[in-house]
Amino acid sequence: MKRARIPVALASALIMLSACASTGGGSGSDNGVLRIGLINPVTGAASFAGIPVQRGTQIAVDEINASGYLGNGRRLELTSDDSAGDPAKAIAQFRGYDSAGYLAVVCCTVSTEAGSLGPLIKKAGLPTVVNGATLPGLSAPPYLYRTIALPSSPGGMYDQLVDAAAAQYAPKTAVLAVTADNGGQVDDGKIWAAALERNGVDILQTIDTFTSDTDFSATATKIINAKPDLLVESMLGSKSALLTKALRDRGFQGRILSSYGVATAPIFKAGGSAMAGTIFPIPFTPLADNDATRKFVNLFKQAYGVEPDLFAAQGYNAVRFIAEGIKKTGTTDRAALAKALSEIQSFQSVSGSTYTMQNGQAVLSDKVGFLQWNADGTQRLWP
């Protein structure tokens, strides 16, 4: 299938050329082809997540089309634009999709884009599913949904990991490192801190880092001098890897807990064998023993030659959620799709778990698993 693209530079031209209304009335359909857009960073600091997200969305589109899931000869067509993690680019791309009459959008691997697009999505009336951003309070039915469970929700992944680490290692002290210019990581940091305090762990320091940082030697020295039993990284995955490497290269022996952003092979490559021992929660693993995961893993490996990671799963889930709404409504009207999405109370994740939808936000009540990096780049279950 030929996949059209809308360069950002053409967004204004599309506004003039489109005959579709931008609020509620766009059909997003041309002779049974239903157009959905993907706003996603495949370059820049978040590309480690954006590339598998793009692949996961395409796998979902291809599977839906091959199976005839939507019925009546209807099929999805995915347009993907590289936001590079830049909110201004994301806004321009969204406006291009809106003015061109697209039926739905998948967006926002990073929180900065989600925060900028949120008000615009509601105003446009264009059904949009957030695949990855963890900014709190983002979902707003009937037009804005999020199909990932927030890792920082009460009793969520980060709470569970700190509780498990406290029981396993009985740490007395910790240092918390935060990507301070990323809203999602800052908010997650508050959850990490509360979990540590709840378990009686004294936070010696909270250290701010930034998305532009590439040299973590000074930060590593601060952490080593503090002598914590535990380091918690509420950081972008690529930055966590660089900090971990700087620490291990300088002889740091403490335990390291990190976000699920460190789960992928590109992140391990950035940190190398220094990542060994880093522990993180995981909402999806290709090792899961269920039919949904096995099918997804096989399709992904056939298409790309590698196993999917959690970011690929997030992209896949977002498209499947939209497709379920399309199938429910039987029409290609934006407002009808928005209503259908609002009526979805639960959906089956590719991880094999069932998510419930609460005010447009996916909630996972199941226990999550934990993984640990090995020095050779493989992963093992922890503890």
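Residues numbered from 1 in each chain as written. Predicted model: local features only at pLDDT ≥ 70, side-chain atom pairs only at ≥ 80, totals over all residues. Heavy atoms only, no water.

Please set out the nonpolar core residue by residue, giving values where relevant.
Counting 74 residues, the largest nonpolar core has Leu76, Trp192, Leu257, Phe296, Val319, Phe321 and Ile326 as its most contacted members. Looking at this core, the element that brings in the most residues is helix H11 (residues 310–329), giving eleven residues. Counting 22 residues, the second-largest nonpolar core is a separate cluster that includes Ile39, Ala100, Cys107 and Ile121. (Core = buried A, V, L, I, M, F, W, Y, C linked by side-chain atoms within 4.5 Å. Buried < 20%, exposed > 50% of the residue type's maximum accessible area, 1.4 Å probe, protein only. Helix = DSSP H or I, 4+ residues; strand = E, 2+ residues; numbered from the N terminus.)

Can you tell me about helix H6 (residues 183–198), naming the residues and giving the values?
Taking 1.5 Å per residue, 16 residues should reach 22 Å; H6 reaches 23 Å between its end C-alpha atoms and fits that length. Within H6, the full set of buried residues consists of Gly184, Gln185, Asp188, Gly189, Trp192, Ala193, Ala195 and Leu196. In this structure, the buried side of H6 is in contact with helix H4 (111–124), helix H5 (157–169), strand S7 (173–179), strand S8 (202–209), strand S9 (230–234) and strand S10 (255–258). Its side-chain oxygen at 3.1 Å from the backbone nitrogen of Gly184, Asn182 defines the N-terminal cap of H6. Following H6 by one or two positions, Gly200 adopts a phi angle in the positive range, close to 75°. (Expected span 1.5 Å × (residues − 1). Contact = heavy atoms within 4.5 Å. Polar contact = N/O pair within 3.5 Å; in protein donor to acceptor, adjacent residues only side chain to side chain.)

Tell me about the packing of H11 against helix H12 (residues 334–342), and please be specific about residues and values.
One can describe the packing of H11 onto H12 by two numbers: an axis separation of 8 Å at closest approach and a directional angle of 110°. Between H11 and H12, the interaxial angle falls into the category roughly perpendicular. Counting all contacts with H11, which are made through Phe321, Ile322, Gly325, Ile326, Lys328 and Thr329, the residues of H12 involved are Ala336, Leu337, Ala340 and Leu341. In the contact of H11 with H12, the residues fall into seven nonpolar, two polar and one charged. (Axes fitted to C-alpha atoms, helices over the stretch in contact; angles between N-to-C directions. Parallel < 35°, antiparallel > 145°, perpendicular 65-115°, else oblique. Nonpolar A, V, L, I, M, F, W, Y, C, P; charged D, E, K, R; others polar.)

Would you mind going over H11 in detail, with residue names and values included?
When the terminal C-alpha atoms of H11 are compared, their 29 Å separation across 20 residues agrees well with the 28 Å that a helix rising 1.5 Å per residue should span. The element H11 is extensively covered by neighbouring structure, given that 15 of its 20 residues are classed as buried. Put simply, Asp309 is the residue that caps the front of H11, since its side-chain oxygen is 3.0 Å from the backbone nitrogen of Phe311. Following H11 by one or two positions, Gly330 has its phi on the positive side, about 75°.

Quick rundown of the state of the cysteines? Include the residues and the values.
As enumerated under the stated definition, the model contains one disulfide in all. The residue that forms a disulfide with Cys107 is Cys108, at a sulfur-sulfur distance of 2.3 Å. As the torsion about the S-S bond is roughly -85°, the Cys107-Cys108 disulfide counts as left-handed. Of the residues examined, Cys108 reaches a relative accessible area of 1% and is grouped as buried. (Disulfide = S-S within 2.5 Å.)

Break down the pattern of salt bridges for me, citing the residues and quoting the values.
Within the structure shown, the criterion is met by ten salt bridges. Close ionic contact of Arg320 with Glu63 constitutes a salt bridge, the shortest N to O distance being 3.4 Å. With Arg320 in helix H11 and Glu63 in helix H2 (residues 47–67), this pair connects stretches of sequence that are 257 residues apart. Since its relative accessible area comes to 12%, Glu63 is described here as buried. Between Arg198 and Asp159 there is a salt bridge, with its nearest N and O atoms 3.8 Å apart. (Salt bridge = Lys/Arg side-chain N within 4 Å of Asp/Glu carboxyl O.)

Which residues make up the packing of aromatic side chains, and what are the values?
Across all of its chains, the model carries 15 aromatic pairs by this definition. Taken together, a centroid distance of 4.9 Å and an interplanar angle of 40° make the contact between Tyr97 and Tyr102 tilted. In this pair, the class of Tyr97 matches that of Tyr102, namely buried. Judged by centre distance (5.4 Å) and plane angle (15°), the rings of Phe347 and Tyr355 are stacked. A residue is classified by how much of its surface remains accessible, and Tyr355, at 5% relative accessible area, is buried. Its end group placed over the ring of Tyr169, Arg255 keeps NZ or CZ at 3.8 Å from the ring centre. In this structure, Arg320 is placed above the aromatic ring of Tyr69, and the distance from its NZ or CZ to the ring centre is 4.8 Å. (Phe/Tyr/Trp six-rings, centres within 6.5 Å; stacked < 30°, edge-to-face > 60°. Lys NZ or Arg CZ within 6 Å of the ring centre and 35° of its normal.)

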